[in-house]
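# Commentary on secondary and tertiary structure
Next come the chains, spelled out residue by residue.
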Amino acid sequence: DPDVDVGSLDPILAPFNGATEVTGTWEGKLAFDDAPYLWNGTIKGGVTPTGATAKAWVWQAASLTADAFGAVTAQWGDDYTTDVIVGGYGVIDQLEVGFDEDLTAMDVNADLIYARGELCLGFTGGLTIDSTPNWVYGADTEVYLDSAFGSIGSTKLTDGVHGVTVNINNNLDQKRFANGSNTRFNLSGFGRGPREIEVTLVLAKTTATVAEACTLDDTPVPNRYIEIKTTSPEIITGSTPYSQSIRVPARLISREDGEIDNNTTITLVYRGFYDADLGYAIRVAVTNTLAAL
């Protein structure tokens, strides 16, 4: 609304338009064949899989350059099929994925920003729902914690992991330009901001986990190399199962003591960093049956 004194106790002037802000969320459980959409929108676009039946996807984030964005279109509606909201060119600004002590399918909580939005449209036809998804279970997940980049994925935390959370904040830069075009108040594009990656491990107290927690006051705090690897018992073809691997070089930044069902725990929070030897700050690999995005 215009901030103008027009000599009236009530508004007289009509409001003016401003920048469009279209946001959305992705909340639910993670399935292997849905995972590429998640990592495409969070880490980078333009990734294509290899393999004939079992499709191998790899997203490795660049730190010294800016990766291309992977965007999606979203629709929201109900049984009144002509009242559909459409968000176009959406990317994930912040993502949280993980599981707790019930070891069920991983939870996904993602916040998306869209470049544009339209109201009162109809649903796109031809969309299908996978009625028997293969879930990314906490029960099928192993966590590895190593002290050297060359041994990442070697040292497993056995009988010690209650839960895991990976949080990625892309801090996206929203760009708007006066181009005199019919896009007007829509976003013109996105820029990548300083990415923040955190890995939270909820651990039982064991010799290994207590020793790790005690490194928090080391000077300097040592580098750690984390892999969160989920291998499904479901086979795609031959001996190749559904799988997902998240690898993050990180440093411990906090610890908190707690309990789960009267069992003492330590919650360790690690912050990711770019490791020049590995060549990345985060790398995700998924094997599934999805042929393309």
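For the structure, check the block above.
Report follows, based on the coordinates. (Residues numbered from 1 in each chain as written. Predicted model: local features only at pLDDT ≥ 70, side-chain atom pairs only at ≥ 80, totals over all residues. Heavy atoms only, no water.)

Moving on, we come to the overall build of the protein chain. Per the secondary structure count, the protein chain includes 2 helices and 14 strands. The C-alpha extent of the protein chain, read off along each of the three principal axes, is 75 × 50 × 40 Å. Within the protein chain, the proportion of its 293 residues that are buried is 40%. Partitioning the contacts of the protein chain with sequence separation of at least 6, the portion at a separation of at least 24 is 70%. Put simply, the protein chain shows about 15700 Å² of open surface, and 48% of that area lies on carbon and sulfur atoms. On the protein chain, the mean spot of the 18 positive side-chain charges and the mean spot of the 39 negative ones are 10 Å from each other. (Helix = DSSP H or I, 4+ residues; strand = E, 2+ residues; numbered from the N terminus. Buried < 20%, exposed > 50% of the residue type's maximum accessible area, 1.4 Å probe, protein only. Contact = heavy atoms within 4.5 Å. Areas by Shrake-Rupley, 256 points an atom, 1.4 Å probe, with all protein chains shown as cover. Lys, Arg positive; Asp, Glu negative; His and termini not counted. Charge placed at Lys NZ, Arg CZ, Asp CG, Glu CD.)

Turning our eyes to something else, we now look at the nonpolar core. In this structure, Trp 39, Leu 95, Tyr 270 and Ile 282 are the most contacted members of the largest nonpolar core, which totals 50 residues. Per element, the largest residue contribution to this core is 5 residues, and it comes from strand 12 (residues 240-260). Aside from chain neighbours lying at most four places away, what touches Trp 39 is Lys 44, Trp 59, Leu 95, Val 97, Ile 168, Gln 244, Ile 246, Val 284 and Val 286. Ile 113, Ala 115, Leu 172 and Phe 190 belong to the second largest nonpolar core, which has 6 residues in total. (Core = buried A, V, L, I, M, F, W, Y, C linked by side-chain atoms within 4.5 Å.)

Next up on the list: the layout of surface pockets. In this approach a probe as big as a water molecule rolls over the atoms, and the regions it shows empty are the leftover space. Reported here for the largest pocket is a volume of approximately 1000 Å³. Considering the residues around the largest pocket, the lining is formed by 27 residues, among which Trp 26, Asp 34, Tyr 37, Thr 73 and Ile 129 are closest to the centre. At the level of elements, strand 1 (22-29), helix 1 (35-42), strand 3 (72-76), strand 4 (84-99) and strand 5 (107-121) are the ones that each hand at least two residues to the lining of the largest pocket. In terms of residues, the lining of the largest pocket owes the most to one element, strand 3, which gives 5 residues. Grouping the amino acids of the lining of the largest pocket by side-chain chemistry returns 16 nonpolar, 8 polar and 3 charged. (1 Å grid on protein atoms, 1.4 Å probe; cavity = no way out; pocket = protein on both sides within 12 Å on 5 of 7 lines; lining within 4 Å. Points joined across faces, edges and corners; volume = space filled by probe spheres on them. Nonpolar A, V, L, I, M, F, W, Y, C, P; charged D, E, K, R; others polar.)

Applying the stated criterion to the full structure yields 9 salt bridges. When the shortest N-O distance is used, the salt bridge between Lys 205 and Asp 257 registers 3.1 Å. You can see Lys 205 sitting in the loop between strand 10 (196-204) and helix 2 (207-213) and its partner Asp 257 sitting in strand 12, a full 52 residues away along the chain. Across the pair Arg 255 and Asp 257 runs a salt bridge whose closest N-O atoms are separated by 2.7 Å. Taken together, the shared-partner salt bridges in this structure form one network comprising Lys 205, Arg 255 and Asp 257. (Salt bridge = Lys/Arg side-chain N within 4 Å of Asp/Glu carboxyl O.)

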